[in-house]
Structures are given as structure tokens and as C-alpha cells.
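# Residue-level structure breakdown
Residue strings, one per chain:
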Amino acid sequence: QVQLVESGGGLVQPGDSLRLSCTASGLRFSTTAMGWFRQAPGKEREFVAAISWEALNTYYADSAKGRFTISRDNAKNTVYLQMNSLKPEDTAFYHCAAGWPPTAGWASQYEYDYWGQGAQVRVSS
């Protein structure tokens, strides 16, 4: 049984940083691509970042470029999302996802097979 468990969310002020973690079990993590998506209240789920299984390739949404960094530790079956310079519009539930998306499918939620339940991030003054 595949499980993805996120942690590290919380309430922060604009300009602060947070690091989300997602630990996977039940799959061969070292050969699985990982992604982060987010969903704000009343909005559709959107792509944030993704990383290839060997960490050679990373992909970011425009909203995340320059502020967020995705990384992974295959020895710990964990993927991270370092978020800096947080803005109120970053407020959302952040979900990690696992799968094997094609080259053109990194940003598509439909290309990921497994999902975590999410970690809430709130950015407010």
C-alpha cells in the first residue's frame, strides 16, 4: 500500500519561509518522480513543482520560480519543498504526488498516481 505523508505546514507571516516534507512508503521511491501541487479554497488544484527520480530535472510553476526549491533524499524516501518569501496568495493545502509523468506531463495532476492528504500552509499578517 502506497502512502505519502506531508508535514511542515503552518501559519506564517508574509516574507517568511517554510519547508514541507513528504515521506513515501510502499513504492520504489528512488525510481519515482515526485511533485507538489496546491489547492486553495474555492480554486482548482495547481502545479507547484516536480522533480525527476534521480533529481537531475526540476520543474516549477511560474508562481514558484525563484522562491521555491524542490529537492529529494532517496535514502530517506522524502521529497522537500523549501518555500521562501511566502505571500498571502501561497495560502493553500499542499499535496505531494508520486508517479511517472511523461516529459510533457510534469505539471499535470493526471499524470501522477499517488497523492498525500496535504499540509495546510497559511500566509497571513
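For the structure itself, look to the data block above.
Below is a short write-up of the structure.

## Some points on the sheet that holds strand β8 (residues 78–83)
Strands sit in the order β1-β3-β8-β7 across an open sheet of four strands; the sheet is antiparallel. Whereas interior strands pair on both sides, the edge strands pair on one side only; in this sheet they are β1 (3–7) and β7 (68–73). Strand-to-strand twist of the sheet, defined as the mean angle between neighbouring strand axes without regard to direction, takes the value 15 degrees.

## Description of the side chain of Ser52
Position of Ser52 relative to the elements: it lies in the loop between β5 (46–51) and β6 (58–60). Classification of Ser52 by relative accessible area gives buried; the value is 3%. In this structure the side chain of Ser52 is engaged in a polar contact, spanning 2.9 Å, whose partner is the side chain of Glu54. In terms of polar contacts, Ser52 uses its side chain to reach the backbone amide nitrogen of Leu56, at 3.2 Å. Ignoring any residue separated from it by four or fewer positions in sequence, one finds Ser52 in contact with Ala33, Asn57, Arg72 and Trp106.

## What about the packing of aromatic side chains?
Evaluated as defined, the whole model comprises six aromatic pairs. Ring centres of Phe37 and Phe47 lie 5.6 Å apart, and the angle between their planes is 70 degrees; this geometry places the pair in the edge-to-face category. Separated by 10 residues along the polypeptide, Phe37 in strand β4 (residues 33–39) and Phe47 in strand β5 bring together distant segments of the chain. Residue Phe37 is classed as buried on the basis of its relative accessible area, which comes to 1%. Considering the side-chain rings of Phe37 and Tyr112, the 5.3 Å spacing of their centres and the 75 degrees angle between planes classify their relative orientation as edge-to-face. One end of the pair, Phe37, is in strand β4; the other, Tyr112, is in strand β10 (residues 112–115), with 75 residues separating them in the sequence. Here the two residues Phe37 and Tyr112 agree in accessibility, since each one is buried.

## A word on the environment of Gln1
Positionally, Gln1 belongs in the segment before β1. Sequence separation of Gln1 and Leu27 is 26 residues, and the distance between their C-alpha atoms is 8.0 Å. Look past the residues within four positions of Gln1 in its chain and what remains in contact with it is Ser25 and Gly26.

## Considering the pairing of β7
Burial of the side chains of β7 is restricted to one face: Phe68, Ile70 and Arg72 are buried, whereas none of Thr69, Ser71 and Asp73 on the reverse face is. Across six bridges, the pairing between β7 and β8 is antiparallel. In the sheet register, Ser71 faces β8, and the bridge partner there is Tyr80. Connecting β7 to the next strand, β8, in antiparallel fashion are four residues, including Asn77 with a positive phi near 55 degrees.

Thresholds applied
- Residues numbered from 1 in each chain as written.
- Predicted model: local features only at pLDDT ≥ 70, side-chain atom pairs only at ≥ 80, totals over all residues.
- Heavy atoms only, no water.
- Pairing = 2+ DSSP bridges.
- Helix = DSSP H or I, 4+ residues; strand = E, 2+ residues; numbered from the N terminus.
- Axes fitted to C-alpha atoms, helices over the stretch in contact; angles between N-to-C directions.
- Buried < 20%, exposed > 50% of the residue type's maximum accessible area, 1.4 Å probe, protein only.
- Polar contact = N/O pair within 3.5 Å; in protein donor to acceptor, adjacent residues only side chain to side chain.
- Contact = heavy atoms within 4.5 Å.
- Phe/Tyr/Trp six-rings, centres within 6.5 Å; stacked < 30°, edge-to-face > 60°.

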